[in-house]
Amino acid sequence: MYTYRRAARARAPRAKAVTATLALVLAAATLSTGCGTDNGSGPAKSSESSKSGRPGELPKPVELILDTPRLERALPDQFSVPADVAQPRNRKAWDSYDLTICQSEEWQAKWCAQALSFGIAAFTNMQDQELSVRLISFTTPEKAAGLFAGEGTEDEVGKNPPGDQIDGFEISPGQGWEGRGINVRQGSVIASIKYTWKQGTAIPSDRLMSVTRMTVERIQQALRGEAPVASVRP
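I would appreciate a short explanation of the environment of Gly179 in the present structure.
Tracing the backbone through its elements, the reader meets Gly179 in strand β5 (residues 177–186). A relative accessible area of 5% places Gly179 in the buried class. Measuring from C-alpha to C-alpha, the distance between Gly179 and Glu130 comes to 9.2 Å, with 49 residues separating the pair along the chain. Not counting residues within four places of it along the chain, the set of residues in contact with Gly179 comprises Glu170, Ile171, Tyr195, Thr196 and Trp197.

Structure below.
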C-alpha cells in the first residue's frame, strides 16, 4: 500500500538535490558581484586610478582660461609689489570686445582682435618711481605663443628666467625719466612689465626681474584655479 509517509521518503532525495543546486547558484552569484562577508569594507579601487591606468596616479591638472574676473585677480596689488612703489594708481581688467580700450592699453590691434581679456595694475611712490603690469589672456597657450615675438638674451633676462617665453626691452628716456621693461608669456597669458624712474634714482639691479617672477607666479596660480598670492615681499 502506497502511503503518504512512503511518498514523502520518495521525494526527499529530489528535495535535497534542488536545495544543493540553489546553494551552488547563490554561491556563484556572490562571487560574481564581489559581495562577501566583509560587507564592502575592503579597499576600493580609486576611480582616478582606473582613468589613468596606473594605480595611485592622478590626472594632470587642466589649466583654466583667464576670463576678466580671473585675470583681474592675477594682477599684482599694493601688497605684492615692492613697498617703496606700492601707491596704487589703477587696477582694472576688461573684456576684449572693445578694441579701442585694448589698444589704448598699448596692445597691438592684432593681439586685441584675438584676446579674451586684458588688464593693468599701476603703482607709484609719487616721487621718482613708476611700475605698471599689463596682462592679456587668450583662449589657448598656442595662440599666445604664436603672437609672442622676441627672445631675451642672457644679458637682458639672465639665466633660467621665468615664463615660457621672455624678452627684455629698453624704455626711451624722456623728460628726465628712464626705465626698462620685460614681456613674458606664461601659458595662455602674456604680461608686459614696465619699471621707470627719474634719472639718478638708485634702483636695485634685480628689481624688474623680481616683479617679473612674482607676476608669472600669480599667473600660474590663477591658471591652476588658486588664489593668486605671490608677492615680492618676504
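On we go.
I'm lost on the state of the cysteines in this one. Help?
In protein structure, a disulfide is the covalent linkage between the sulfur atoms of two cysteines. Scanning the entire structure with this criterion turns up 1 disulfide. Between the sulfur atoms of Cys102 and its disulfide partner Cys112 the distance amounts to 2.1 Å. Because the torsion about its S-S bond is -85°, the bridge between Cys102 and Cys112 counts as left-handed. Of this pair, Cys102 sits in helix α4 (residues 99–104) while Cys112 is found in helix α5 (residues 109–114), placing the two residues 10 residues apart along the sequence. The residues Cys102 and Cys112 share a single accessibility class, namely buried.

Explain the sheet that holds strand β4 (residues 165–174) to me, please; I cannot follow it from the model alone.
Strand pairing in a sheet takes place through backbone hydrogen bonds and is either antiparallel or parallel in direction. Strand order in the open sheet formed by 6 strands is β1-β2-β3-β6-β5-β4, with antiparallel pairing between adjacent strands. Each edge of the sheet is formed by a strand with only one pairing partner; in this case those strands are β1 (87–95) and β4. This sheet shows a mean twist of 10° between the axes of neighbouring strands, independent of strand direction. One ladder, built from 9 bridges, connects strand β3 (residues 129–137) with strand β6 (residues 189–198); its direction is antiparallel. The residue of β6 that forms the bridge with Gln129 is Trp197.

What am I meant to see in the nonpolar core here?
Among soluble globular proteins, nonpolar side chains are generally buried collectively. Core analysis: the largest hydrophobic core is formed by 31 residues, its most contacted members being Leu66, Leu131, Leu135, Val184 and Ile193. Counting only elements with at least two residues in this core, the list comes to α3 (68–74), β2 (117–124), β3, β5, β6 and α8 (207–223). Element by element, the count of residues in this core is highest for α8, at 8 residues. In this structure Leu131 touches Val81, Pro82, Val85, Ala121, Ala122, Phe123, Ile193, Lys194, Tyr195 and Val211, once residues within four positions along its chain are discounted.

Calculation rules
- Residues numbered from 1 in each chain as written.
- Predicted model: local features only at pLDDT ≥ 70, side-chain atom pairs only at ≥ 80, totals over all residues.
- Heavy atoms only, no water.
- Helix = DSSP H or I, 4+ residues; strand = E, 2+ residues; numbered from the N terminus.
- Buried < 20%, exposed > 50% of the residue type's maximum accessible area, 1.4 Å probe, protein only.
- Contact = heavy atoms within 4.5 Å.
- Disulfide = S-S within 2.5 Å.
- Pairing = 2+ DSSP bridges.
- Axes fitted to C-alpha atoms, helices over the stretch in contact; angles between N-to-C directions.
- Core = buried A, V, L, I, M, F, W, Y, C linked by side-chain atoms within 4.5 Å.

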